[in-house]
Amino acid sequence: MHRRSLVSRIARRCRLRAKGRLADRSHQRPRDRQRERQRKRERAMEMKTILVIWVVLVAGALAAPQLNPNEITIVKQEEVNNIGVGGYRFSYEQSDGQKREETAELKNEGTDNEAMSVVGSFSFIAPDGHTYRVDYTADETGFHPSINLVAK
């Protein structure tokens, strides 16, 4: 049986060689075989390089910051910083509807009664859907807020 399978394998190789499906490499010189092996190694290296680049690109895409639809951004901002020159002023508005503005002025500059007087407000939308506004003043007498319901 072993002999028959060997004979049938040789016959099959001869038929394939005759049809041109099996390349006969016995006539190749050793240098040609080395070149072919080198080309195979180069192709394998190219495939590995492509695979590594692909993996890096996929990892980079997965690691990129994902956009969060609930992320709050500043849509309007204004500031004038004059600390040490008499006061300051700033305001901003956020994408979720929150707003804040504040102005400060230095009172009695250069005297023993020197104090910063701050006037400001902020508004926000509470979880119940109501918009609240807090107006405040802060001076040498303390912090004085007043809370108002603006709208639903």
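Summarised in this report is the structure supplied together with it. Here the structure is a predicted model, which is why all the values come from computation and not from measurement. Per chain, residues are indexed from 1 in the order of the written sequence. Where local features are concerned, this predicted model is filtered to residues with pLDDT of at least 70; where side-chain atom pairs are given and counted, the filter is 80 or more; whole-chain, interface and lining totals use all residues. Only hydrogens and water are removed before side-chain values are computed, so all heavy atoms of the structure are retained for them.

1. Remarks on the pattern of salt bridges
Note the following rule: In the sections that follow, a salt bridge refers to a side-chain nitrogen of Lys or Arg positioned within 4 Å of a carboxyl oxygen of Asp or Glu. We call a residue buried when its accessible area falls under 20% of the maximum for its residue type, exposed when it is over 50%, and partly exposed in between, using a 1.4 Å probe and counting protein chains only.
Throughout the structure, instances matching the rule amount to four salt bridges. Close ionic contact of Asp135 with Arg133 constitutes a salt bridge, the shortest N to O distance being 2.9 Å. Residue Arg133 is classed as partly exposed on the basis of its relative accessible area of 33%.

2. Concerning a positive patch on the surface
To keep it simple, the criterion reads: Like charges within 9 Å and nonpolar side chains (Val, Leu, Ile, Met, Phe, Trp, Tyr) within 5 Å are joined into patches, using only residues over 30% in relative accessible area that form no salt bridge. Surface accessibility in these figures is a Shrake-Rupley result with a 1.4 Å probe; residues are shielded only by whichever protein chains are displayed. Working convention for charge: Lys and Arg count positive, Asp and Glu count negative, and His plus the chain ends are omitted. Charge positions come from single atoms, namely NZ of Lys, CZ of Arg, CG of Asp or CD of Glu. The way it works is that DSSP assigns letters per residue, a run of H or I at least four long becomes a helix, a run of E at least two long becomes a strand, and they are numbered from the N terminus.
Where like charges cluster on the molecular surface, the positive patch consists of Arg33, Arg37, Arg39, Lys40, Arg41 and Arg43. For Arg33, the position within the fold is in helix H2 (residues 30-63). Overall, Arg33 belongs to the partly exposed group, its relative accessible area being 34%.

3. Some thoughts on the packing of aromatic side chains
For clarity, the threshold we go by: Working definition: a ring pair exists when centres of Phe, Tyr or Trp rings (six-membered ring for Trp) sit within 6.5 Å. Plane angles under 30 degrees give stacked, over 60 give edge-to-face, the rest tilted.
The tally for this structure, following the rule as stated, stands at five aromatic pairs. A centroid spacing of 6.2 Å and a plane angle of 10° characterise the contact between Tyr88 and Phe90, whose relative ring orientation is stacked. Taken individually, Tyr88 and Phe90 each receive the classification buried, so the pair is uniform in this respect. Relative to Tyr136, the ring of Phe122 has its centre 6.3 Å away and its plane inclined at 50°; by these criteria the two rings are tilted. Here the residue Phe122 occupies a position in strand S4 (residues 115-125), and Tyr136 occupies one in strand S5 (residues 131-139), the gap between them amounting to 14 residues. Its relative accessible area of 7% is what places Tyr136 among the buried residues.

4. Overview of unusual backbone geometry
Phi at Asn108 is positive, roughly 55°, even though this residue is not glycine. When you line up the elements, Asn108 lands in the loop between strand S3 (99-107) and S4. Take Asn108: its relative accessible area is 45%, and that puts it in the partly exposed class.

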